[in-house]
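Spelled out from the first residue to the last, the chains are:
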Amino acid sequence: MTNTPGIVITGGSGKMGQMLIKSVLASDKCRLVGVLERAGHDWVGQDIGTAMGGTAVGVMVTDDALEVFAKAQAVIDFTAPAATVGFAGLAAQARAVHVIGTTGLSDTDLKAINAASHHAVIVRAGNMSLGVNLLVQLTKKVAAALDADFDIEIIEAHHNQKVDAPSGTALMLGEAAAEGRGVVLADVSDSGRDGITGARKRGDIGFSAIRGGDIVGEHDVMFAAAGERIVLRHIATDRAIFARGALKAALWGQDKSPGEYDMVDVLGL
């Protein structure tokens with residue numbers, strides 16, 4: 001076990017953080033070497049096992065990213081944009097694989113992350129699941145096969161605590177549809193419709209976001225023309241699928257050259 005990659009989980013108290021911790025602890029292909037939380041959090045200084053309501057596992061929660069990253073071969077990060085940008089620089093210093101599942105990243109954030117990828121492996125995806133990444137590839141193929149007589153709408157649903165919209169996965173699907181059509185998403189994106197908006201513009205890619213309850217994640221890509229519709233759908237019912245994908249990415253990146261990758265690379269799609 002001591003020769004297996006050491007993994008650090010950021011934002012350990014969150015739903016995804018705890019799911020990731022459980023996945024790493026259950027794996028025989030890696031080991032948990034650190035859990036990071038923000039300064040002042042109640043869990044800082046506690047054993048992560050007892051903090052999560054179980055037995056001690058010998059890993060203490062810390063707020064010192066630099067110290068804990070130095071012990072890691074990979075960092076798995078589902079936090080917030082500002083935190084993720086900072087972690088990217090520190091992970092690059094440590095030459096640790098940085099797996100990023102954080103969504104809501106701005107263009108400025110993405111530039112900073114790309115700069116860090118010149119020194120270390122970064123795997124970034126709006127969604128880590130196999131099914132969603134297959135859906136992305138299908139969306140690209142269908143969009144390429146159909147002309148603008150088919151309107152494209154992306155409908156996503158998530159739990160009521162999600163803070164960004166459209167979701168990172170919806171944007172992945174939008175980018176795939178735009179690439180299939182040979183256009184730039186920013187030029188054709190249509191979201192946040194409200195009031196008297198006028199008729200839909202031919203060739204636009206629309207987004208709709210639903211928030212409610214404990215929905216893990218649902219995404220539909222609808223191609224609608226006169227008299228017919230094609231709907232591609234993915235429904236996630238368990239966050240464990242994202243944790244498994246993130247862990248696969250962390251292990252996949254161990255022998256790769258510095259650069260920015262995505263789950264299509266990891267899964268070989």
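Residues numbered from 1 in each chain as written. Predicted model: local features only at pLDDT ≥ 70, side-chain atom pairs only at ≥ 80, totals over all residues. Heavy atoms only, no water.

A closer look at the nonpolar core
No. 1: Ile48, Ile76, Val99 and Val123 are the most contacted members of the largest nonpolar core, which totals 35 residues.
No. 2: If one sorts the elements of this core by residue count, helix α9 (residues 240-252) sits on top with seven residues.
No. 3: Aside from chain neighbours lying at most four places away, what touches Val99 is Val75, Ile76, Asp77, Val123, Met128, Ala246, Ala249 and Ala250.
No. 4: Membership of the second largest hydrophobic core comes to 21 residues, among which are Val132, Leu135, Leu146 and Val188. (Core = buried A, V, L, I, M, F, W, Y, C linked by side-chain atoms within 4.5 Å. Buried < 20%, exposed > 50% of the residue type's maximum accessible area, 1.4 Å probe, protein only. Helix = DSSP H or I, 4+ residues; strand = E, 2+ residues; numbered from the N terminus. Contact = heavy atoms within 4.5 Å.)

Considerations on the pattern of salt bridges
No. 1: Tallying each qualifying case throughout the model produces twelve salt bridges.
No. 2: Ionic pairing is found between Glu156 and Arg211, a salt bridge with its closest N-O pair at 2.7 Å. Placement of Glu156 in strand β7 (residues 151-158) and of Arg211 in strand β9 (residues 205-211) is noted, with a sequence separation of 55 residues between them.
No. 3: Residue Glu156 is classed as buried on the basis of its relative accessible area, which comes to 1%.
No. 4: Put simply, Asp164 and Lys162 hold a salt bridge, and the shortest N to O gap is 3.1 Å. The same class applies to Asp164 as to Lys162, namely buried. (Salt bridge = Lys/Arg side-chain N within 4 Å of Asp/Glu carboxyl O.)

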